[in-house]
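# Per-entry structural report
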Amino acid sequence: MIKELKPNYGDEYSWHEVNCFFRAWSIVLQSYHASYFDNFLQAMFLNWTFFPESIAETEHDDFMLESNANVLSPLFNVQAEKVFYKNQYQFHELIRTSLNQKHRLIIPGDVFNIYYNAAYRTKHGEHYFILKGCDQQTGRYYILDNLHVKNGSSTLYEDFLIPWDVLYDSSQLFFENFQPTSEPYFWSISELSPHHTNNSRLVFQANLYILNKYINQYKDHQFESMLSNQDSKAEQIQKFFMKFNHKNTYFKILKSIFKTLEIDTTTFDELIASFNELKSKIPIILAGSGSSSELFAQYTLLERNILLHMHGLITEYLNTAQSQENTVQQISLEEAVILNASGVNLQMEKEQITIHHSATLKTDTWIAENDAFQILWRDDKSNVGYESGDIDLIEVEIENRSDPGLPFQSGVIIVYDHETLLFGGIQNIGISLFVPQRQGDYCVKEMKNLMPSLKLKIRKDREKGLLLYYKNPQDIEYRLFYENGFSPDFTEIGIFSRTWEPIDHTTVFTNLTVYNHNLIMKGRDEHVRI
């Protein structure tokens, strides 16, 4: 199970702006870093806007493969490949192997045989499934999909289960109906290194490079040729709208980022409004018999003005980003991965991390669900003495600011390949250790503890493995919570805060230390090695 793959809750793009292929890729890349969703779309639509001739006649997947070396590897720290298969057995075996290697998988499919969608047995349609895990006992795959949400009209991809044979048959139909000359395949995306960071600055630098190179002589040659070729009026209008929607998405992404940085977009908004107004006039002229040369000149001038203004805003963005990097940081978790699928309010100040849960939604982590707020560090055995010595892996103080009995838990999370340990205070009435994947035996131990705050520690013992400790405010020494140890071969360790029903709740983490990782606290000038 790849728990980092989560629903695209912050996705504000319509189907006209982002199709199911690019949306699937954005969701997959977001599982590596939150910034990758918008930044991937920005990079893709930057190509659509300035280099349409290189991708206009290619399939989506060929474009992705061609773009891999130029976009995915340097900007997103991943590589993608097509994994070909010859039969159903090989299909499932290759998927299982890829999942065991933590690869992200995108499976091409046809909606025709998807029984939980309105198009079932009525029409064929391209679709792309995001695979996140498998259950060999029941023969089902865990997927992220939208076809079960509002009859497939929703742009939200949520967790779902699909039988192995249904996914395989859907994939076969895809190649029969949409790529009959190709051997069947699926996409496998793997990371080049485990360190992912916000790459907004790199993507905007790429924008600026392209704008500097092309802005003075830029002309939309595809639009120009579209107006002069022999296509029917209907084909011309269809091509125009496809091209316009790509550009409009590109501008929308930029505008969204500018506003989050509090950069004034008033003029940009006015230019985009004019662009949208022009959009409504073009189909009327294309459908008529008059000359379109004057319209093309107007279109080109307006678009160049937009690009010039974008150039100024991007320059302002890069200057702002540089200025922010030069300021003293409050808390930097540079080696950590922050999971915040549900968008809980996060505040980092001084040496304190505060999480505010909202009564409008639940934020839980349980088996296939992974929406709880988490900060995770990968297992790091690089220091001398790790294998043989007794090591404190993580230590943290936690305060839960809610009334006793409400449905919340916060504490330390330990992630293994096939199960997860959730250890911490629960409902301000106890301390619990859960392993959700153990189904009926998921509650390993629970004890009463009425303290709203406590300290937790995970220690690696050379003989017993990982041991779990707790300490109340009045205690002098830590107490062992559970007598048995757990395997030291975990993949990630960190902190979490979850609510399994929608409630107003606040969790505060302080005095956080993580073995062999960097933490930068406010007022310190250098990395503190824990």
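Calculation criteria
- Residues numbered from 1 in each chain as written.
- Predicted model: local features only at pLDDT ≥ 70, side-chain atom pairs only at ≥ 80, totals over all residues.
- Heavy atoms only, no water.
- Pairing = 2+ DSSP bridges.
- Helix = DSSP H or I, 4+ residues; strand = E, 2+ residues; numbered from the N terminus.
- Axes fitted to C-alpha atoms, helices over the stretch in contact; angles between N-to-C directions.
- Contact = heavy atoms within 4.5 Å.
- Buried < 20%, exposed > 50% of the residue type's maximum accessible area, 1.4 Å probe, protein only.
- Parallel < 35°, antiparallel > 145°, perpendicular 65-115°, else oblique.
- Nonpolar A, V, L, I, M, F, W, Y, C, P; charged D, E, K, R; others polar.
- Salt bridge = Lys/Arg side-chain N within 4 Å of Asp/Glu carboxyl O.
- Expected span 1.5 Å × (residues − 1).
- pLDDT = per-residue confidence, 0-100.

Read from one edge of the open sheet, six strands run β1-β6-β2-β3-β4-β5, paired in antiparallel fashion. In this open sheet, the two edge strands, each paired with only one partner strand, are β1 (78–84) and β5 (158–163). Looking at each pair of strands side by side, their axes are set apart by 35 degrees on average, direction ignored. Along the sheet, helix α1 (residues 20–30) makes contact with β1, β2 (104–110), β3 (126–135), β4 (140–145) and β6 (185–191), crossing β3 at roughly 30 degrees.

Let us look at α1. With ten of its eleven residues buried, α1 lies for the most part within the structure. When we look at burial in α1, the residues that qualify are Cys20, Phe21, Phe22, Arg23, Ala24, Trp25, Ser26, Ile27, Val28 and Leu29.

Where helix α4 (residues 88–100) meets helix α5 (residues 164–177), the closest approach of the two axes is 11 Å, and the angle between their N-to-C directions is 110 degrees. For the element pair α4 / α5, the angle class is roughly perpendicular. Along its contact with α4, which presents Gln88, Phe91 and His92, the element α5 presents Trp164, Asp165, Leu167, Tyr168 and Ser171. Within the contact of α4 with α5, the residues separate by chemical class into four nonpolar, three polar and one charged.

What the rule picks out here adds up to 14 salt bridges. Between aspartate 11 and arginine 23 there is a salt bridge, with the nearest N and O atoms lying 2.5 Å from each other. Separated by twelve residues along the polypeptide, aspartate 11 in the segment before α1 and arginine 23 in helix α1 bring together distant segments of the chain. The closest approach of N and O atoms between aspartate 392 and arginine 459, which form a salt bridge, is 2.4 Å. Placement of aspartate 392 in strand β14 (residues 391–400) and of arginine 459 in strand β19 (residues 453–461) is noted, with a sequence separation of 67 residues between them. Within this structure, Asp392, Lys457 and Arg459 form a network of salt bridges that share partners.

So, about the pairing of strand β23 (residues 505–514). Most of β23 sits out of view: eight of its ten residues are buried. Both β14 and β23 contribute to a ladder of six bridges, which runs antiparallel. Within β23, the position partnered with isoleucine 398 by the bridge is phenylalanine 509.

Okay, α5 next. For α5, with 14 residues, the first-to-last C-alpha span of 20 Å sits near the 20 Å given by 1.5 Å per residue. Among the residues of α5, those classed as buried are Val166, Leu167, Tyr168, Ser170, Ser171, Leu173, Phe174 and Phe175. Residues of α5 that are buried in the fold lie against α4, β2, β3, β4, β5 and β6.

Moving on, we get to the confidence of the model for the protein. When pLDDT is averaged along the protein, the result is 82, and 80% of the positions lie at 70 or above. The low-confidence segment residues 520–530 (pLDDT under 50) makes 32 contacts with residues lying over four places distant or belonging to another chain.

Moving on, we get to unusual backbone geometry. A positive phi angle, close to 60 degrees, is found at glutamine 427, a residue other than glycine. One can find glutamine 427 in the loop between β16 (420–426) and β17 (430–434). Residue classification places glutamine 427 among the buried positions, given a relative accessible area of 17%. Positive phi values are uncommon outside glycine, yet asparagine 511 reaches one of about 50 degrees. Counting through the fold element by element, asparagine 511 comes out in strand β23. Residue class for asparagine 511 comes out partly exposed when judged on its relative accessible area of 44%.

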